[in-house]
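# Inside the fold
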Amino acid sequence: MRRSKLKFKATVICPKCGKTLVTESAYRDYPLQCLNCDEDFYFMEVNGDEYNTSVFLPLDKEDPRIQELQEASNLIKMKDDLFMVSFHDFRLLEACGWLKDHVDIHLENLLESGEKIQKYVFAEDPCLTFGCIIDEDAEFTADALEDTLHRLIDEGASRYKIYELTRMIHEDGNEALINQDDAIPVDLGYYITGNITLI
């Protein structure tokens, strides 16, 4: 079974640079990573353990199963759709496949070391912001859209979630849109339409 590679912020900091460490929703030799230093750490290297370290998870607060875990004190609501859970319980939720079905995918959770989110808007609706993942020192290209699309699909993102995060639409049911002059094919039947303005 393919393991998710989403990354979530933890309540420990890097002993080298002071940035917040992340953990990956897949079993690894090292439980903690610093995306800034591109280094991995054991708990003993950051004066922590899986019981006094917590992980922040983006979850749908309206999901009744989320509410059940809150009532059982396994999850603590922080703000909006962000919840805190102990690292120990985080691994239990990962092991039973619960995370895969309930985590709300954000682009921030897909970043690797040396990457950033390039945000962009469209002229017809500049109030809505979208994004894709690129290398920190790279220019925005269509390849970045394709790579971001594949990462989202690999994590099981729905077509609606892909549109919500990137504004890429699938050709099914959107024939009129993808036949417009400004429609750009990305991959796997997905297109992006309109003039992109980077922000």
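Above this note sits the structure.
Please read all numbers here as calculations on a predicted model, not as lab measurements.

## Quick notes on the sheet that holds strand E13 (residues 196-198)
- Taken in spatial order, the three strands make up an open sheet running E9-E8-E13, and their pairing is antiparallel. Taken across any chain shown, the strands that pair with only one partner, and hence form the sheet edges, are strand E9 (125-135) and E13. Taking the axes of each pair of neighbouring strands and ignoring which way they run, one obtains an average angle of 40 degrees across the sheet.
- Pairing between strand E8 (residues 115-122) and E13: three bridges, direction antiparallel. Of the residues in E13, the one forming a bridge with Val121 is Thr197.
- Most of the contacts of helix H4 (residues 142-154) go to E9, to which it runs at about 85 degrees, and overall it touches E8 and E9.
- Running over the sheet, helix H5 (residues 159-166) touches E8 and E9 and is turned about 100 degrees from E9.

## Quick word on the packing of aromatic side chains
- All told, the structure shown has nine aromatic pairs when counted by the stated rule.
- Judged by centre distance (4.4 Å) and plane angle (35 degrees), the ring pair of Tyr30 and Tyr42 falls under tilted. Taken together, the positions of Tyr30 in the loop between strand E2 (20-24) and strand E3 (32-34) and Tyr42 in the loop between strand E4 (39-41) and strand E5 (54-58) put the pair 12 residues apart, joining distant regions of the chain.
- For Tyr42, a relative accessible area of 33% gives the class partly exposed.
- Measuring from centroid to centroid gives 6.3 Å for Phe130 and Tyr163, while their planes differ by 65 degrees, and the two rings are edge-to-face. In this pair, Phe130 sits in strand E9 while Tyr163 sits in helix H5, placing the two residues 33 residues apart along the sequence.
- The structure contains a cluster of three or more aromatic residues connected by ring pairs, namely Tyr120, Phe122, Phe130, Phe140 and Tyr163.

## Remarks on the pattern of salt bridges
- Taken as a whole and assessed by the stated rule, the structure comprises nine salt bridges.
- The salt bridge involving Asp104 is made with Lys161; its shortest N-O contact spans 2.8 Å. Of this pair, Asp104 sits in the loop between helix H3 (98-102) and E8 while Lys161 is found in helix H5, placing the two residues 57 residues apart along the sequence.
- Residue classification places Lys161 among the buried residues on the basis of a relative accessible area of 10%.
- The partner of Arg167 in a salt bridge is Glu124, and the shortest N-O contact between them spans 2.9 Å. Within this pair, whereas Arg167 is found in the loop between H5 and strand E10 (169-170), its partner Glu124 is found in the loop between E8 and E9, the two being separated by 43 residues in sequence.
- For Arg167, a relative accessible area of 14% gives the class buried.

## Here's the deal with the pairing of strand E1 (residues 7-13)
- Across four bridges, E1 lies against E2 in antiparallel orientation. If you follow Lys9 over to E2, its bridge partner there is Val22.
- The hairpin formed by E1 and E2 contains six residues between the paired strands, and Gly18 there has a positive phi angle of roughly 85 degrees.

## A few points about the packing of H4 against H5
- Packing of H4 against H5 brings their axes to within 10 Å, and their N-to-C directions diverge by 145 degrees. For the element pair H4 and H5, the recorded crossing hand is right-handed. Contacts between H4 and H5 involve Thr148, Leu149, Leu152 and Ile153 on the former and, on the latter, Ile162, Leu165 and Thr166.
- Partitioning the contact of H4 with H5 into residue classes produces five nonpolar, two polar and no charged.

## Description of the layout of surface pockets
- Each pocket or cavity is described by its volume, and for the largest pocket that value is around 720 Å³.
- Forming the walls of the largest pocket are 25 residues, and the residues nearest its centre are Lys9, Val22, Glu108, Asn109 and Leu111.
- Contributing elements (two or more residues each) for the lining of the largest pocket: E1, E2, E5 and E8.
- In terms of residue count, the dominant contributor to the lining of the largest pocket is E1 (three residues).
- Here the residues of the lining of the largest pocket sort into eight nonpolar, six polar and 11 charged.
- The volume enclosed by the second largest pocket comes to roughly 400 Å³.
- The leading source of residues in the lining of the second largest pocket is H3, at four residues.

The rules behind these values
- Residues numbered from 1 in each chain as written.
- Predicted model: local features only at pLDDT ≥ 70, side-chain atom pairs only at ≥ 80, totals over all residues.
- Heavy atoms only, no water.
- Pairing = 2+ DSSP bridges.
- Helix = DSSP H or I, 4+ residues; strand = E, 2+ residues; numbered from the N terminus.
- Axes fitted to C-alpha atoms, helices over the stretch in contact; angles between N-to-C directions.
- Contact = heavy atoms within 4.5 Å.
- Phe/Tyr/Trp six-rings, centres within 6.5 Å; stacked < 30°, edge-to-face > 60°.
- Buried < 20%, exposed > 50% of the residue type's maximum accessible area, 1.4 Å probe, protein only.
- Salt bridge = Lys/Arg side-chain N within 4 Å of Asp/Glu carboxyl O.
- Left-handed = near helix turned anticlockwise from the far one by under 90°.
- Nonpolar A, V, L, I, M, F, W, Y, C, P; charged D, E, K, R; others polar.
- 1 Å grid on protein atoms, 1.4 Å probe; cavity = no way out; pocket = protein on both sides within 12 Å on 5 of 7 lines; lining within 4 Å.
- Points joined across faces, edges and corners; volume = space filled by probe spheres on them.

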